[in-house]
Amino acid sequence: MGVWLATRTLKGNNATILVLDTEGLDAHSADQRRDDGIFLLSVLLSSFLIYNSTGVPKSNDINKMAYIIRLAQRIDTGSGGSTGQDFRLHFPHLLWLLRDHFLKPTIGNREVTPTEYLNREVLRFQGGFSDKEITNNDIRRAILTFFRSIECVTLPSPSINQEILRNMDTADPEKLEEEFKVGMNKLVELVLSRADSPKTLGNGSVVTAPVFVELVKNLVGAVNDPNVVVSIPSLVEIVQKEVWNSFERESVQKFVDFLEGLVPSFPLEESELIAAASNYYREDILKNSKQISIEQRLFQILSQQLLERLIKKGSPQENMIDGGEIHRYIVKNREVSEAFCQNLVKDLWKPIAVKLLNAGYSMEDLQNDLENFHLQFANQGRGPAKLKVAAQNMEFLKEQELYFSQLKGFQKQLFEQELQTRQEKLRCEEAEQKNNNLQNQYQELQKKLHK
């Protein structure tokens, strides 16, 4: 049988509860190694463990739980201690359920609660120096030390009818003993109230659904090998990294899909592109990353690695974006911007080119048209290549000097001075865009990604 996982979950106030059912220890088909593996798996996966036995346990029955001692030899908590107190960080709460129990537990003819009976009679240290008694006391010490809390409840038999007991899975609830049904309802209420706290790993991080899946995958292989000692710190880090890696793959794809969705809007101003990407990352991916149960030290390392996959900073001297997924779209946006601005230049130049063929066209007319040309380009040009193409326009106009010199009123020195002044202005604007604008955008993006 091994371990069964219920196909339906229970909804608590603070957590979703998964129910695991294991075959009984000392089951007909079991052996010691199998028992140890099942119990180890149950303990490390659970926040609340129900151990059930029939009748009232006696002090001597404690030796049936020797696997708890063997369990301690299979777990390395990483603390280096030997008191067992550190095991409590990783163990669940324990509920000892006494099934088919009709009598009230008593101590010295005084009626006591099941929990009091368990602590004072079953788990009380016994005198004696025999090997059996020493071992039993070690087991008691382990139970009291390892589990976060210990509680005991009783549950009467569901029926005295053997036929009903043999077919409990199909039994009519109306034919079950009323005392059993009342006891069962109380037990369910107790379990739901006690199990409503989320399972946590040793570092206090909550076991979410993805973490649970990775925990199972890593634990099953370990518990099936009797020579493997489960290192809790290593297990926790492996599980957290695998959960993060899955999240990172999904996040990168979502980030790329978002950027692809912006491509039809290219060319964008570079600040618009980076702002859109950073806002999406902050509002979607970064928020989701904080829901992952992972220790802070590891989160800082892995989140920085994710940032480098998405946006990579160049040399400290340049302080520019030169890598990561976003860089491809920055380059693409620049290419689209350059093509867009170059086509705009062609459209704006066409009417001027036609006028140049007119014999009555003067230098004054050209100056007016060029002023309008530059104004329209400044208003209609888009994207980060706008200044670059504007500078190319100056080179183009300089190459047309031979044609312009034939116009009435042409003054070579004045024409060249105007071109030079406009070129210097454009160079300054382009340098400022590269050295300041992108640097500020990168720094702003860093702040947004790490908020």
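For every chain, the first residue of the written sequence is number 1, and numbering continues from 1 onward in sequence order. This being a predicted model, a pLDDT of at least 70 is required before a residue's local features are given, and a value of 80 or more before pairs of side-chain atoms are given or counted; all residues contribute to the totals for chains, interfaces and linings. The side-chain numbers reported here are obtained from all heavy atoms of the structure, hydrogens and water having been left aside.

S.K.: Mind laying out unusual backbone geometry, listing which residues take part and the relevant values?
M.R.: Here F266 and P267 are connected by a cis peptide whose omega angle stands at 5 degrees. Topologically, P267 is positioned in the loop between helix 8 (232–262) and helix 9 (270–289). For N109, which is not a glycine, the phi torsion comes out positive at approximately 65 degrees. In this description a helix means any DSSP run of H or I spanning at least four residues, a strand means any run of E spanning at least two, and both kinds are numbered starting from the N terminus. Relative to the helices and strands, N109 is located in the loop between strand 8 (106–107) and strand 9 (110–111).

S.K.: Can you explain the confidence of the model for the protein? Please cite residues and give values.
M.R.: Put simply, the protein has an average pLDDT of 82, and 89% of its residues get 70 or more. The spread of mean pLDDT over the elements of the protein runs between strand 12 (residues 312–313), the lowest at 66, and helix 11 (residues 325–355), the highest at 93. What pLDDT reports is the predictor's confidence in each residue, on a scale of 0 through 100.

S.K.: Quick rundown of the packing of helix 8 against helix 10 (residues 296–310)? Include the residues and the values.
M.R.: Comment: axis = line fitted to C-alpha atoms, over the contacting stretch for helices; angle = value between 0 and 180 degrees taken between N-to-C directions. One way to put it is that helix 8 packs onto helix 10 with a least axis distance of 11 Å and a crossing angle of 25 degrees. Considered as vectors, helix 8 and helix 10 are oriented roughly parallel to each other. Both helix 8 and helix 10 take part in a crossing whose hand is right-handed. Contacts between helix 8 and helix 10 involve E237, Q240, K241, W244, F247, E248, V252 and F255 on the former and, on the latter, R297, L298, F299, L302, S303, L306, R309 and L310. Classification used: nonpolar for Ala, Val, Leu, Ile, Met, Phe, Trp, Tyr, Cys and Pro, charged for Asp, Glu, Lys and Arg, polar for all others including Gly. For the contact of helix 8 with helix 10, a count of residues per class yields nine nonpolar, two polar and five charged. By the definition adopted for this analysis, an angle is roughly parallel if under 35 degrees, roughly antiparallel if over 145, roughly perpendicular if from 65 to 115, and oblique otherwise. The crossing is said to be left-handed when, going from far helix to near helix, the turn is anticlockwise and less than a right angle, and right-handed when the turn is clockwise. Should any heavy atoms of two residues lie within 4.5 Å, those residues are considered in contact.

S.K.: With reference to specific residues and values, describe the side chain of S53.
M.R.: Within the element layout of this structure, S53 appears in strand 5 (residues 48–54). Contacts described as polar in this section are N or O atom pairs within 3.5 Å, which, within protein, must combine one atom able to donate a hydrogen with one able to accept it, while residues neighboring in sequence count only if both atoms come from side chains. At 2.9 Å, the side chain of S53 forms a polar contact with the side chain of W96.

S.K.: Lay out the packing of aromatic side chains with the relevant residues and their values.
M.R.: Only Phe, Tyr and Trp rings take part, Trp by its six-membered ring, and two of them pair if their centres are within 6.5 Å. Stacked means planes under 30 degrees apart, edge-to-face means over 60, and tilted covers everything else. Per the counting criterion, the structure on display carries 13 aromatic pairs. Look at W244 and F247: their rings are 5.2 Å apart centre to centre, the planes differ by 55 degrees, and that puts the pair in the tilted class. Taken together, the residues span about one helical turn, with W244 and F247 both in helix 8 at a distance of three residues. A residue is classified by how much of its surface remains accessible, and F247, at 11% relative accessible area, is buried. Plain terms: the ring middles of F258 and Y280 are 4.4 Å apart, the flat faces sit at 5 degrees to each other, and that makes the pair stacked. With a gap of 22 residues between them, F258 in helix 8 and Y280 in helix 9 connect regions that are remote in the sequence. Through a chain of ring-to-ring contacts, the aromatic side chains of F87, F91, F146 and F147 assemble into a single cluster. Counting as a charge over the ring demands two things of the Lys NZ or Arg CZ atom: a distance within 6 Å of the ring centre and an angle within 35 degrees of the ring normal. Its end group placed over the ring of F340, R382 keeps NZ or CZ at 5.0 Å from the ring centre. The classification of residues rests on relative accessible area computed with a 1.4 Å probe and restricted to protein chains. Under 20% of the type maximum is buried, over 50% is exposed, and intermediate values are partly exposed.

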